[in-house]
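# Structure assessment
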Amino acid sequence: MTKLIGLAALCIAAAAQIVEAAVTFDVPSKAGTGGYAYAPLDPAPIGISFEFFAFPSYFLNVTGTNQCLANWKALTGVWPPIRIGGTTQDRALYDAKTSAYVVYSVANAADAPSTLTFGPKFMTLAGTYEGSVVVGLNRGKNNIENTIAAAKVAVAETINLLAIELGNEPEYYVKDKQPIASGNWTPAADVASQNNWNLRVGSAVGKKSLIQAGNWNAAPPEWGAAKLIAAENATVRQYVRHYAHHNYPGGTIQSLMSHATTAKNIHVFDADVKAALRAGKQYVLGETNSVSGGGAAAVSPSFGAALWTMDYALRAAYSNISRTYFHHGTVGNCQYCFWGRYAMGAPYYGATAAVALLAGARHLTALDSSTTAYAAYASFDADGAPLRVLLYNSDYFANGTRKSQTFTITGLGEARTVRAKRLTAAGGATARVDQGGNPTFGGQWFTNETCVVAGTETFETAVVEGGQATFQVKATEALLVYLQM
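Predicted model, so just to flag it, every value in this text is computed and none were measured. (Residues numbered from 1 in each chain as written. Predicted model: local features only at pLDDT ≥ 70, side-chain atom pairs only at ≥ 80, totals over all residues. Heavy atoms only, no water.)

### Overview of the overall build of the protein
For the protein, the helix and strand inventory stands at 13 helices and 25 strands. With the C-alpha coordinates aligned to their principal axes, the bounding extent of the protein is approximately 70 × 45 × 35 Å. Within the span of the protein, comprising 485 residues, buried residues form 59% of the whole. Expressed as a percentage of contacts within the protein between residues at least 6 apart in sequence, the contacts between residues at least 24 apart total 78%. Of the accessible surface of the protein, which amounts to about 17900 Å², a share of 52% is contributed by carbon and sulfur atoms. (Helix = DSSP H or I, 4+ residues; strand = E, 2+ residues; numbered from the N terminus. Buried < 20%, exposed > 50% of the residue type's maximum accessible area, 1.4 Å probe, protein only. Contact = heavy atoms within 4.5 Å. Areas by Shrake-Rupley, 256 points an atom, 1.4 Å probe, with all protein chains shown as cover.)

Laid out in structure tokens, this is it:
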């Protein structure tokens, strides 16, 4: 069932709020026009990263995993990409004889193992997923023959294998006492190591365009794709599928959800993105989320973090970052996770709104200057026609009077009615699902444990007059406007 709410009703509701002066964004009539920068879109730009040791548990023991991924597939027609990796990939060795998915022991179920092994069934399970899969393997232990054996099984068993990573965040190898970094481990030493391993593993499995290279967390340029690309020769580069970096911005809820801050954070990767594109390769955020180490309890599960997730994913896509993989760590000890065994996380709502804007689109542009609290993104279909616009008010609200911002969209052509879905939470930025602060997207929510959509889908409507329409977006809210029926 779908419900429609007219603009007049919304104006009455807004009357009791403080309404700021309008901001205006012009929507180009066709992609590639209007003086905006446009980014081509991957069919599924938003994906999930699963911590290596926890991957089997997410797929076998967490009820919501398949449904949460299927919800996005229902929007886009494409299963979202997944990446399997993280800190524990560099603690894991392949054991061809074990019949288990993974073997490890921990003193506390909330801990990640310090050592583990995995068997062929691990890759067979990865091969059951219908979307693209990136698998992270061990470089830190400096056991290349073991990694080659694992890579061969990954290629054979993981049907939709997109790429293999060789090592995770190598800038931390010295701190982690990894054997490969026992000498003078520097960015240059890592670049040489990556080139050597990429060549040897790629040639051993007989597959080119295989390696997701890079995978650092420290900011470029010291650790970054531009340096790696500059040191590659053509023989090595033929085995590289694309380049990846990790990113955890951190901060408070208020600083995290700031649109201007998010745009600035993504700009850190501009030079590396350009270097990758010049080399004819894609650039991805292979592991990312709000705050490192599984997240921060005071920040990561919040609705403010949900809005950051939405804005961040869209800003990355607009910046020619082909895919963004949001990391999911230890089951039951993961503040930033979109879902868990028993409860949903607010960030899933923000990610879903971003997926909805990009669904079926071929290009994306940002209509705003990226210097204020107010954002607008426009997606375009295969013919270049505007498809949807997402409006975001990143003014912080947690209690008291909730201000409302007027957004005017121009360039909409003939008189008609357009529909919109609102992403909101009554408790504002600090609202959490596990504390009863369920967000809604178009009046709907996702059921705890199962991730099944609940509630009546609700569209607001606005009339286009003189080629423009006006919308109210409250502080700490977003609105997705559908320009095509």
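### What about the state of the cysteines?
The final tally for this structure, using the stated rule, is two disulfides. What pairs with Cys68 in a disulfide is Cys451, and their sulfur atoms sit 2.1 Å apart. The sign of the 110° torsion about the S-S bond sets the Cys68-Cys451 disulfide as right-handed. Here Cys68 is found in helix α3 (residues 64-76), whereas its partner Cys451 is found in the loop between β21 (445-446) and β22 (453-454), with 383 residues between them in sequence. The burial state of Cys68 is the same as that of Cys451; both residues are buried. Note on cysteine connectivity: Cys334 is disulfide-linked to Cys337, with sulfurs 2.0 Å apart. What sets the handedness of the Cys334 and Cys337 disulfide is the S-S torsion sign, and at about 85° it is right-handed. (Disulfide = S-S within 2.5 Å.)

### So, the packing of aromatic side chains
Inspection of the entire model under this criterion finds 30 aromatic pairs. A centroid spacing of 4.5 Å and a plane angle of 20° characterise the contact between Phe52 and Phe122, whose relative ring orientation is stacked. One end of the pair, Phe52, is in the loop between β4 (46-51) and α2 (55-60); the other, Phe122, is in helix α4 (residues 120-126), with 70 residues separating them in the sequence. Looking at Lys121, its charged tip hangs above the ring of Tyr101, at a distance of 4.5 Å from the centre. The ring of Phe441 has Lys421 lying over it, and the distance from NZ or CZ to the ring centre is 4.6 Å. (Phe/Tyr/Trp six-rings, centres within 6.5 Å; stacked < 30°, edge-to-face > 60°. Lys NZ or Arg CZ within 6 Å of the ring centre and 35° of its normal.)

### Comments concerning the environment of Ile84
Mapped onto the fold, Ile84 is located in strand β5 (residues 82-85). Spatially, the C-alpha atoms of Ile84 and Val134 are 6.1 Å apart, while their sequence positions differ by 50 residues. If we skip the residues at most four places from it in the chain, Ile84 touches Phe50, Phe52, Phe55, Phe122, Ala126, Val133, Val134, Val135 and Gly136.

### A closer look at the packing of helix α12 (residues 303-318) against helix α13 (residues 347-358)
Their axes nearest at 6 Å, the elements α12 and α13 cross at an angle of 30°. As the angle between them shows, α12 and α13 are arranged roughly parallel. By crossing handedness, the relation of α12 to α13 is classed as right-handed. Here α12 contributes Ala305, Ala306, Thr309, Met310, Ala313 and Leu314 to the contact with α13, which in turn contributes Pro347, Gly350, Ala351, Ala353, Ala354, Leu357 and Leu358. Split into classes, the residues belonging to the contact of α12 with α13 amount to 11 nonpolar, two polar and no charged. (Axes fitted to C-alpha atoms, helices over the stretch in contact; angles between N-to-C directions. Parallel < 35°, antiparallel > 145°, perpendicular 65-115°, else oblique. Left-handed = near helix turned anticlockwise from the far one by under 90°. Nonpolar A, V, L, I, M, F, W, Y, C, P; charged D, E, K, R; others polar.)

### Here we look at the nonpolar core
Formed by 121 residues in total, the largest nonpolar core has its most connected members in Phe118, Met310 and Trp339. By residue number, the principal contributor to this core is α12, which donates 12 residues. Core analysis: the second largest hydrophobic core is formed by 25 residues, Leu367, Ala376, Leu391 and Leu483 among them. (Core = buried A, V, L, I, M, F, W, Y, C linked by side-chain atoms within 4.5 Å.)

### Some words on the UniProt feature "domain: Beta-glucuronidase C-terminal" (unreviewed entry) in the protein
This chain's UniProt record puts "domain: Beta-glucuronidase C-terminal" (unreviewed entry) on residues 376-480. Between the C-alpha atoms that bound residues 376-480 there is a distance of 10 Å. The span itself is 0% helix and 50% strand. (UniProt positions renumbered as here; feature names shortened; annotations may be inferred.)

### Some thoughts on empty space enclosed by the protein
Applying the stated criterion to the full structure yields three cavities of 30 Å³ or more. What lines the largest cavity is simply Ala44, Pro45, Ile46, Trp72, Thr76, Val78, Trp79, Pro80, Val355, Leu358 and Ala359. Those elements that place two or more of their residues in the lining of the largest cavity are α3 and α13. Among the residues making up the lining of the largest cavity, the classes are represented as 10 nonpolar, one polar and no charged. In this structure, the second largest cavity spans a volume of roughly 50 Å³. Lining the second largest cavity, in full, are Phe52, Gln89, Ala92, Leu93, Phe118, Gly136, Leu137, Asn138, Asn146, Thr147 and Ala150. Mapped onto the lining of the second largest cavity, the elements with two or more residues apiece are β6 (92-94), β9 (133-137) and α5 (144-157). When residues in the lining of the second largest cavity are grouped by element, the largest group, three residues, is from α5. The class makeup of the residues in the lining of the second largest cavity is six nonpolar, five polar and no charged. (1 Å grid on protein atoms, 1.4 Å probe; cavity = no way out; pocket = protein on both sides within 12 Å on 5 of 7 lines; lining within 4 Å. Points joined across faces, edges and corners; volume = space filled by probe spheres on them.)

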